[in-house]
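One letter stands for each residue in the lines below.
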Amino acid sequence: MAEPRAAEGCSCSNTDCLERPLRRLFRGLGRGVATCPWPFVLVPLLLSGGLGAGFVFLPQRQANDIEGQFTPTSGPAKAERDFVRQHFATNDSEGFSAPRLPTEGAYAALIAVAAEGGSILEPAARRDVLRLDQLVTARGYEQLCARSDGTCTSPNPLLPLLSGASEAALGNLTFPVSHGVFLGAALGGVQTGAGGRLLSARALKLMYYLQEDGPAAAESQRWLESFLRDVPSELAALGLTAIQVTYFTSLSRQEEFEGNTKSVIPLFSITYFLTITFSIVSCLRLSCIRNNIWLACCGVISAGLAVLSVFGLMLFCGVPFVVTVANAPFLILGVGVDDMFIMIASWEQSLRKGKSDVKSLLAETYAEAALSVTITTLTDVLAFYIGTWTAFPSVRSFCLYTGTAFVFCYIYTMTFFGAIIVLNHKREQGNRHWLTCMPVGVDKDQAGESCLYNACCIGNCSRQSSQLETKQPESEHPMIIFFKEYYGPFFTNKWVKLLVVLLYGAYLGGSIYGCTQIREGIDLRNLASDDSYIIPYYDDNDRYFSAYGPRVMVVITESVDYWNETVRRGIENCTQNLEGISYVDKNLSESWLRVYTTLAGSGLINISNKTLFLNNLRILFSIVPSFKWDVNVTQDKIEASRFFIQTVNVTSAIDEKNLLSQLRETAEQCSIPMMVYHPAFIYYDQYLVIVQNTIQNIVVAAGAMLIVSLLLIPNPLCCLWVTFAMASVIVGVAGFMTFWNVNLDSISMINLVICIGFSVDFSAHISYAFVTSGESSANKRAIEALSLLGYPILQGAVSTILGVAVLAAAKTYIFRTFFKIMFLVILFGALHSLVFIPVFLTFFGNFGRSPHNIKAQKLELRFRNDKDCP
């Protein structure tokens, strides 16, 4: 039966508005490529070589600064840090104070844990700690140490008491404050008796701060680098038996993070091997002439050329290369191979129609396949470019690299790979062997050869001339028969459908529960590899020193009349409100104004007016010298001042988020202009924007996907199921990633954006196949849709998973997370397309069907409906 004529003009009830001109365009492109294929082969190769030269800029473009890439660009803490730097000077060669630093500082840290469950205060452990201290100081530490009052800042306030002569003093210590000294950050795993008397402690922390102001900064960095290089062997040589030591420096996190990219490079070769192998197996034929091995290999090469071109182009343009971008080639390879399957399948379908002219064959192939490839590419590229609207630079770089790579992958598929199809067809028409390209035929010498020889070198066992082989019609792929005869009828059984509904209910319930348990933010330990030396340090720090959190600055940001008693009461009320937060211990606060007011109350000084208040500050500074770093005094006013509060029990990401939110909200409600700051807040800021950014990107991307669907697939029921699948897959991925120990952070946010594009790829085709089917019943339409698209969807899912599978073996959280979420995206996308949507569609009967007489052939023309490579 002839295909119905297209309606004149544009009708919103059919797809001809965009389909007809696009098909004409792609048909013309196909004829152009078939007419002269070599330029379409050579130009992409030359272009890739030219753009690939951009890799010479890779060392300059690498931007792996953790703070710069994995914290919000406009995070409030960064502005707060700038304010602290501007108004409160530091001098680490004379007046060093760790809590007063605007940054983490330059330091080497060691945690000594008593062996076999003992106490770090036992004699053997104390001796080992002293030997450990001598090891560090012998490295020239005293020449570069941060100083206060002319001496090096002690790495631990208890260090002078660890010698045998001071053993009696240890018995008089209290915790967490002893003789006015805060010990919460010095001792961990503490047991106390009556009155807070210190009985034992499992761990002790040594913090060796170095100068980082002025010319000493470079020397301090070199000292830390040599420390990291030599300390493992020196610790082993020291032979400590009573303690176990873990170590960390201010350089460690960054250095370990920068090493992640190198660890994944060997996985590239494995990925390409697996993908080429899968492609060859998928396209393998028992014929030496009509074998598609070269097409499979060139399809993988086409994706590789896209990676080379885009990475070079981005590096030429100065786009930062972040470690997250190293995930992109794995994803691009999987998607590029998927497009290759589409093109090969459409080409084979055109051959089955009996056409012999290569121009007509490729024109028909492009008309069938290119529109589908265009739709999937457009949805994916939109999802990635929308992902650039985020506060996290690492996400922006990944989305920019990957989105542009998808564009190049599409262009190379339409040009380079199309030309390879033409050249391969000419080889077949010339009856040439796929490997040697030598003519193959039967002559007298071959007539007596074995069946095995004839199958390999002639193409069939019966010794018939292979000239006849290229004219034989193609048969249906066994997988298509499987979906038509077995899979489809099985899932349209009423009891199986009931089981599928129950299965979806369990899936949705588990997903929603998982969404309520999502953990936000990236754990800084996850930026290092699993075997990094910093992981044991983080473990010890969390185990023994998590009871006391950051010592937070509370900064009065404007000049106020401190000498006014009403103002002082307002400041005190604000301080008490901050101390009333559950995460703050009010007994450990430190305020220059409280001490100053106490001195005035005792009658030692008079602060009743401005002049007396400012002039008598020198008395306060002589009593407590460190307070002079907390008050920014000019000639006639106090520009800014600060005091400190001690946080407690900040043991999880939820605690960090709640702490930051409560502190800032309380400070904003204060009648005095006030802010809170700690260097760790730079990283805590991610908790305040990660959910908002993720939802924003998902909503905008989903809206864009729907617009694309409405324009190119204007069927109400189809768009309804695209929307359903998109929402369901996103909820599923977000929920189940929690069960797989994946946090919602800038890494997983990338993948949730990817999730949108892939869910559209799968769901649009299967739902459109159903609503445009010409079968009489809903069950038959579902079976037809599965027979046409079941194997292509399965093949595309497997190729994409293979592209990222090797990342599961990576030793780094970033790459494993990428694999985990991509696996969930593809698994749930395929599950919806092959199980849930076909079953649910059967419940809707004829609702939403097109009134036109649409055949399955038109469906194939529209959506690459057969990806098989016989």
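It should be noted that the structure appears before, not after, this text.
Now for a quick tour of the structure.

Rules of the game
- Residues numbered from 1 in each chain as written.
- Predicted model: local features only at pLDDT ≥ 70, side-chain atom pairs only at ≥ 80, totals over all residues.
- Heavy atoms only, no water.
- Helix = DSSP H or I, 4+ residues; strand = E, 2+ residues; numbered from the N terminus.
- Buried < 20%, exposed > 50% of the residue type's maximum accessible area, 1.4 Å probe, protein only.
- Contact = heavy atoms within 4.5 Å.
- Areas by Shrake-Rupley, 256 points an atom, 1.4 Å probe, with all protein chains shown as cover.
- 1 Å grid on protein atoms, 1.4 Å probe; cavity = no way out; pocket = protein on both sides within 12 Å on 5 of 7 lines; lining within 4 Å.
- Points joined across faces, edges and corners; volume = space filled by probe spheres on them.
- Salt bridge = Lys/Arg side-chain N within 4 Å of Asp/Glu carboxyl O.
- Axes fitted to C-alpha atoms, helices over the stretch in contact; angles between N-to-C directions.
- Parallel < 35°, antiparallel > 145°, perpendicular 65-115°, else oblique.
- Left-handed = near helix turned anticlockwise from the far one by under 90°.
- Nonpolar A, V, L, I, M, F, W, Y, C, P; charged D, E, K, R; others polar.
- Phe/Tyr/Trp six-rings, centres within 6.5 Å; stacked < 30°, edge-to-face > 60°.
- Lys NZ or Arg CZ within 6 Å of the ring centre and 35° of its normal.
- Expected span 1.5 Å × (residues − 1).
- Bend = angle between axes of the 7 residues up to and from the residue.
- Pairing = 2+ DSSP bridges.
- Patch = residues over 30% accessible without salt bridge, like charges linked within 9 Å, V, L, I, M, F, W, Y side chains within 5 Å.
- Disulfide = S-S within 2.5 Å.
- Polar contact = N/O pair within 3.5 Å; in protein donor to acceptor, adjacent residues only side chain to side chain.

### Digging into the overall build of the protein chain
Move 1: Tallying secondary structure elements over the protein chain gives 30 helices and 13 strands in all.
Move 2: Per-residue burial over the protein chain gives 56% buried out of 870 residues.
Move 3: Long-range contacts, defined as pairs at least 24 residues apart, comprise 79% of the intrachain contacts of the protein chain with a sequence gap of at least 6.
Move 4: Accessible surface, the protein chain: about 35,000 Å² in total, of which carbon and sulfur atoms supply 60%.

### Brief notes about the layout of surface pockets
Move 1: Counted as a void, the second largest pocket has a volume near 600 Å³.
Move 2: For the second largest pocket, the lining is made up of 27 residues, of which Asp65, Glu67, Glu104, Ser250 and Tyr683 are closest to its centre.
Move 3: Of all the secondary-structure elements, those providing two or more residues to the lining of the second largest pocket are α4 (66-70), α5 (76-87), α8 (216-238), α9 (252-258) and α24 (681-684).
Move 4: Considering each element in turn, the lining of the second largest pocket owes the most residues, 4 residues, to α9.

### Observations regarding the pattern of salt bridges
Move 1: Overall, the coordinates contain 23 salt bridges when judged by the stated rule.
Move 2: Across the pair Glu80 and Arg664 runs a salt bridge, and its minimum N-O distance is 3.5 Å. Highlighted residues: Glu80 in helix α5 and Arg664 in helix α23 (residues 653-668), separated in sequence by 584 residues. Taken individually, Glu80 and Arg664 each receive the classification buried, so the pair is uniform in this respect.
Move 3: The closest approach of N and O atoms between Glu590 and Arg100, which form a salt bridge, is 3.2 Å. Taken together, the residues span a long stretch of sequence, with Glu590 in strand β10 (residues 584-590) and Arg100 in the loop between α5 and β1 (106-114) at a distance of 490 residues.
Move 4: By relative accessible area, which is 22% here, Glu590 ends up partly exposed.
Move 5: One network of salt bridges, in which partners are shared, links Arg100, Arg551, Glu590, Asp630 and Arg642.

### Some thoughts on the packing of helix α2 (residues 37-52) against helix α14 (residues 393-429)
Move 1: Where α2 contacts α14, the two axes come as close as 8 Å, and the packing angle between them is 140 degrees. Relative to α14, the element α2 is oriented oblique. Considering how the two elements wind past one another, α2 and α14 form a crossing that is left-handed. Judged by residue contacts, Pro37, Trp38, Phe40, Val41, Pro44, Leu45, Leu47, Ser48 and Leu51 of α2 engage Phe408, Tyr412, Thr415, Phe416, Ala419, Ile420, Val422, Leu423 and Lys426 from α14.
Move 2: Here the residues of the contact of α2 with α14 sort into 15 nonpolar, 2 polar and 1 charged.

### Quick notes on the packing of aromatic side chains
Move 1: According to the stated counting rule, one finds 52 aromatic pairs in the structure shown.
Move 2: Among the aromatic residues, those joined into a ring-pair cluster are Tyr504, Tyr507, Tyr513, Phe724, Phe736, Phe739, Phe828, Phe836 and Phe840.
Move 3: The aromatic ring of Phe545 is capped on one face by Lys205, whose charged end is 4.7 Å from the ring centroid.
Move 4: The cationic tip of Arg642 hangs over the ring face of Phe88; the distance from NZ or CZ to the ring centre is 4.5 Å.

### Remarks on helix α6 (residues 123-144)
Given 3.6 residues to a turn, an α-helix orients residues that are three or four positions apart in the same direction.
Move 1: For α6, built from 22 residues, the straight-helix expectation of 32 Å at 1.5 Å per residue is met to within 8% by its first-to-last C-alpha distance of 30 Å.
Move 2: Approximately 65 degrees is the largest bend angle found in α6, and it occurs at Ala138.
Move 3: Turning to α6, its buried residues are Ala125, Arg126, Asp128, Val129, Leu132, Asp133, Leu135, Val136, Arg139, Tyr141 and Leu144.

### Let's talk about the pairing of strand β8 (residues 243-249)
Move 1: Counting buried residues along β8, 5 of its 7 residues qualify, which places the element largely inside the surrounding structure.
Move 2: Across 7 bridges, the pairing between β1 and β8 is antiparallel. Residue Val113 lies in a different strand from β8, and its bridge partner there is Gln244.

### Concerning a nonpolar patch on the surface
Move 1: On the surface, a cluster of nonpolar side chains totalling about 440 Å² of accessible area is made up of Trp38, Leu42, Leu45 and Leu46.
Move 2: Looking at the element boundaries, Leu45 is found in helix α2.
Move 3: On the basis of relative accessibility, which here comes to 37%, the residue Leu45 falls in the partly exposed class.

### Things to note about empty space enclosed by the protein
Move 1: Following the criterion strictly, the structure yields 4 cavities of 30 Å³ or more and no others.
Move 2: Counted as a void, the largest cavity has a volume near 130 Å³.
Move 3: Surrounding the largest cavity, 16 residues form its lining, Val335, Asp338, Asp339, Asp380 and Asp761 being those nearest its centre.
Move 4: Listed by contribution, the elements that provide at least two residues to the lining of the largest cavity are α12 (328-352), α13 (358-387), α14, α27 (746-771) and α28 (778-805).
Move 5: Taken together, the residues that form the lining of the largest cavity break down as 7 nonpolar, 4 polar and 5 charged.

### Considering the sheet that holds β1
Move 1: Taken in spatial order, the 4 strands of this open sheet run β6-β7-β1-β8, and their pairing is antiparallel. Two strands in the sheet have a free side with no partner beyond their single neighbour: β6 (187-192) and β8. With strand direction ignored, the average angle separating the axes of adjacent strands in the sheet is 20 degrees.
Move 2: Examined bridge by bridge, β1 and strand β7 (residues 198-210) share 8 bridges and lie antiparallel to one another. Looking at the pairing, Leu110 lines up with Leu206 of β7.
Move 3: The sheet contacts of α8 involve β1, β7 and β8, and relative to β8 the element is tilted by about 155 degrees.

### Some points on the state of the cysteines
Move 1: On inspection of all chains with the given rule, the structure shows 2 disulfides.
Move 2: Covalent S-S linkage joins Cys145 and Cys152, the inter-sulfur distance amounting to 1.8 Å. One disulfide, between Cys145 and Cys152, carries an S-S torsion of -70 degrees and so falls in the left-handed class.
Move 3: We classify Cys145 as buried; its relative accessible area is 0%.
Move 4: Residue classification places Cys152 among the partly exposed residues on the basis of a relative accessible area of 25%.
Move 5: Paired by a disulfide, Cys574 and Cys670 hold their sulfur atoms 1.6 Å apart. Residues Cys574 and Cys670 are joined by a disulfide whose S-S torsion is about 85 degrees; by sign, that bridge is right-handed. Placement of the pair is Cys574 in helix α19 (residues 565-579) and Cys670 in the loop between α23 and β13 (674-677), with a sequence separation of 96 residues. Accessibility assignment for this pair places Cys574 and Cys670 in one class, buried.
Move 6: No disulfide involves Cys298; its nearest neighbouring cysteine sulfur is the one of Cys297, lying 6.8 Å away.
Move 7: On the accessibility criterion, Cys298 (13% relative accessible area) is buried.

### Quick look at the pairing of β1
Move 1: In terms of residue burial, β1 counts as a mostly covered element, since 9 of its 9 residues are buried.
Move 2: Judged by which residues are buried, β1 turns out to be covered on both faces: Ala106, Ala108, Leu110, Ala112 and Ala114 on one side and Tyr107, Ala109, Ile111 and Val113 on the other are all buried.

### Points about α12
Move 1: Compared with the 36 Å implied by 1.5 Å per residue over 25 residues, the 37 Å span of α12 between its first and last C-alpha is a close match.
Move 2: Here α12 lies mainly inside the structure; 23 of its 25 residues are buried.

### Here's the deal with the environment of Tyr504
Move 1: Here Tyr504 shows up in helix α17 (residues 494-516).
Move 2: For Tyr504, a relative accessible area of 11% corresponds to the buried category.

### Side note on the side chain of Ser787
Move 1: Mapped onto the secondary structure, Ser787 falls in helix α28.
Move 2: One polar contact links the side chain of Ser787 to the main-chain carbonyl oxygen of Glu784, over a distance of 2.7 Å.
Move 3: If near-sequence neighbours (up to four positions away) are discounted, Ser787 is found in contact with Ile480, Phe483 and Lys484.

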